[in-house]
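This is what each chain is made of:
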Amino acid sequence: MIYAQPQPAGPSGPPPGGKKIGGRPMWHWLVLGGIALVGLLLVSVVGLILLLNILGRGNPQDTLEDFYSSMENSDCELYMDSTTEEFRRALETTSCTAFDQTLGTVSAVDYTVNDRVNRQGYAIFEVTENIVNADGGTEEVHLRYFILRTDGQWDLDGIQLVDEDTEPIG
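Residues numbered from 1 in each chain as written. Predicted model: local features only at pLDDT ≥ 70, side-chain atom pairs only at ≥ 80, totals over all residues. Heavy atoms only, no water.

A. Spotlight on the overall build of the chain. Counting its regular elements, the chain contains five helices and six strands. With 170 residues in all, the chain has 24% of them scored as buried. Pairs at least 24 apart in sequence give 41% of the contacts found in the chain among residues at least 6 apart. Counting every atom, the chain has about 12,100 Å² of accessible surface; 57% of that belongs to carbon and sulfur. (Helix = DSSP H or I, 4+ residues; strand = E, 2+ residues; numbered from the N terminus. Buried < 20%, exposed > 50% of the residue type's maximum accessible area, 1.4 Å probe, protein only. Contact = heavy atoms within 4.5 Å. Areas by Shrake-Rupley, 256 points an atom, 1.4 Å probe, with all protein chains shown as cover.)

Next up, the structure:
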């Protein structure tokens, strides 16, 4: 005798309308996954752009070092690259000839950065320079350098003599 096998309870075969996962059709999960991937790609691109902007900002102290190096080496191109046009006009060093006559004779300057503050697009450095006099003695001069952030780079925009009456930057 042959006995009939009992039929499993519930519907047999795939449900109408295609496969379902978790009560939703497969196309629903594919669309959500695609939207999530596009969103993740967009966030990654924005993060990369911000990271490149932060890393490409440069260092204002490099500008200060370039300024001193330009005077020490009589490098007019480096001087022009590290200063603003307004600064060069104020010192009347708008050409390499004027630079050579005014600042090109400066030898090595021993300087120490004492303080740095960032304010409203400026990096302000307080520097002590030790200058050798004509008689061989040294003189200490306290200066404040204003380095301006413009067009993606830092440029020296001003110098101020610091004395007892000058307010501190901090």
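After that view, the rundown keeps rolling.
B. Region of the structure containing the pattern of salt bridges. Overall, the coordinates contain two salt bridges when judged by the stated rule. Here Glu85 ties to Arg89 by a salt bridge, and the two come within 2.9 Å at their closest N and O atoms. Pair noted here: Glu85 and Arg89 are both in helix α4 (residues 85-90), with a separation of four residues, about one helical turn. Here Arg144 ties to Glu126 by a salt bridge, and the two come within 2.5 Å at their closest N and O atoms. Here Glu126 lies in strand β4 (residues 122-132) and Arg144 lies in strand β5 (residues 138-150), a separation of 18 residues in the sequence. Residues Arg144 and Glu126 agree in their burial class; the two are buried. (Salt bridge = Lys/Arg side-chain N within 4 Å of Asp/Glu carboxyl O.)

C. Representation of the sheet that holds β4. Ordered by their spatial adjacency, four strands build an open sheet running β3-β4-β5-β6, and the pairing between neighbours is antiparallel. Each edge of the open sheet carries a strand with a single partner, namely β3 (110-119) and β6 (153-161). Averaged over all pairs of adjacent strands, the angle between their axes in this sheet comes to 25°, without regard to strand direction. Sheet strands in contact with helix α2 (residues 60-72) are β3, β4, β5 and β6, and its direction is about 30° off that of β4. (Pairing = 2+ DSSP bridges. Axes fitted to C-alpha atoms, helices over the stretch in contact; angles between N-to-C directions.)

D. Quick look at a nonpolar patch on the surface. Residues Trp27, Trp29, Val31, Leu32 and Ile35 make up a contiguous nonpolar surface patch of about 540 Å² in total accessible area. Its place among the elements puts Trp27 in helix α1 (residues 26-55). Judged by its relative accessible area of 56%, Trp27 is exposed. (Patch = residues over 30% accessible without salt bridge, like charges linked within 9 Å, V, L, I, M, F, W, Y side chains within 5 Å.)

E. Seen up close, a negative patch on the surface. A cluster of like negative charges, contributed by Asp62, Glu65, Asp66, Glu77 and Asp81, occupies part of the molecular surface. Contributions of two or more residues to the negative patch are made by α2 and α3 (76-82). It is α2 that contributes the most residues to the negative patch, three residues altogether. With respect to the element layout, Asp66 can be found in helix α2. Residue classification places Asp66 among the partly exposed positions, given a relative accessible area of 31%. (Lys, Arg positive; Asp, Glu negative; His and termini not counted. Charge placed at Lys NZ, Arg CZ, Asp CG, Glu CD.)

F. Geometry of the pairing of β6. Where β5 lies against β6, eight bridges are found, and the strand directions are antiparallel. Considered in β6, the bridge of Phe146 is made with Gly158. Connecting the antiparallel pair β5 and β6 is a turn made up of two residues, with Asp151 showing a positive phi of about 50°.

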